[in-house]
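Next come the chains, spelled out residue by residue.
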Amino acid sequence: MHKNERCQPGSQNIEAVVIGCSAGGLDALRVVLGGLPIGFPATVIIVAHTAPGGDNLLPSLLAKTCRLPVSEAQERESALSGQVYVAPPDYHLLIETNRTFALSVDERVCFVRPSIDVLFQSAADAYGERLFGLILTGANCDGAQGLKSIKEAGGVTLVQDPVGAYADTMPKAAIATGAVDKVLQLNDLAGEILSRI
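Residues numbered from 1 in each chain as written. Predicted model: local features only at pLDDT ≥ 70, side-chain atom pairs only at ≥ 80, totals over all residues. Heavy atoms only, no water.

**A short note on the sheet that holds strand β7 (residues 131–135)**
With parallel pairing, the seven strands of this open sheet are ordered in space as β3-β4-β2-β1-β7-β8-β9. With partners counted over all chains shown, the strands left at the sheet margins are β3 (70–72) and β9 (182–184), one partner each. Within the sheet, the average angular offset between the axes of one strand and its neighbour, ignoring direction, is 20°. Pairing of strand β1 (residues 16–21) with β7 involves five bridges; the strand directions are parallel. In the strand pairing of β7, V18 is matched with G133. Packed on one face of the sheet, helix α3 (residues 116–127) meets β1, β2 (43–48) and β7 and runs near 165° to β1. (Pairing = 2+ DSSP bridges. Helix = DSSP H or I, 4+ residues; strand = E, 2+ residues; numbered from the N terminus. Axes fitted to C-alpha atoms, helices over the stretch in contact; angles between N-to-C directions. Contact = heavy atoms within 4.5 Å.)

Here it is, written out as structure tokens:
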């Protein structure tokens, strides 16, 4: 799809896309988000494992290659379609059933906060079958159980092919759950998402 083409909303099946990544995630996110057109008719919510302190530079870095607005998710903010939200450092990010964000400083999950599992499990409860879950490169098992929750709720689950991933532990852990619809090369993920909208 050409950069200036718009994705026309209409009979989309997916309301939200949740993405989790860790080591090597910035480059992977740039590829996936760079393939989404202006007017993309779903909400995109990202948990990337980041250092607990300091500024969250991820939104500004992603905005350089993404056609959609990118921002850090805020407490009680409504999740809007056609926008990309990134979890703030050292907070779990959850999506409520009324499509607003909640931030939590609960215990770390898989040794990390924000946790992909926490976002994915809350998103599965909120969106059910209208949710797309995607696991990218990463060096631990976070996200595997969350992706399973999305599948059990009727959502669509995708994983970056471990072959070619910067770190293959996270994709392999997700695949091992048996709850993955497709395993695709990084460059094919955005097209698969668009085919379901």
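**Some thoughts on the environment of L58**
Position of L58 among the secondary structure elements: in helix α2 (residues 58–63). Remark: the alpha-carbon pair of L58 and T43, spanning 15 residues in sequence, is separated by 17 Å. Beyond its immediate stretch of four places on either side in the chain, L58 contacts L26, L29, A48 and V86.

**Notes on the packing of helix α1 (residues 25–34) against helix α6 (residues 186–196)**
Remark: α1 packs on α6, axes separated minimally by 8 Å, with the N-to-C direction vectors making an angle of 40°. By the angle class used here, α1 and α6 are oblique. The two elements α1 and α6 cross, and the hand of that crossing is right-handed. On α6, the residues touching A28, V31 and V32 of α1 are L186, N187, L189, A190 and I193. For the contact of α1 with α6, a count of residues per class yields seven nonpolar, one polar and no charged. (Parallel < 35°, antiparallel > 145°, perpendicular 65-115°, else oblique. Left-handed = near helix turned anticlockwise from the far one by under 90°. Nonpolar A, V, L, I, M, F, W, Y, C, P; charged D, E, K, R; others polar.)

Remember, this is a structural readout, not a statement about activity or role.
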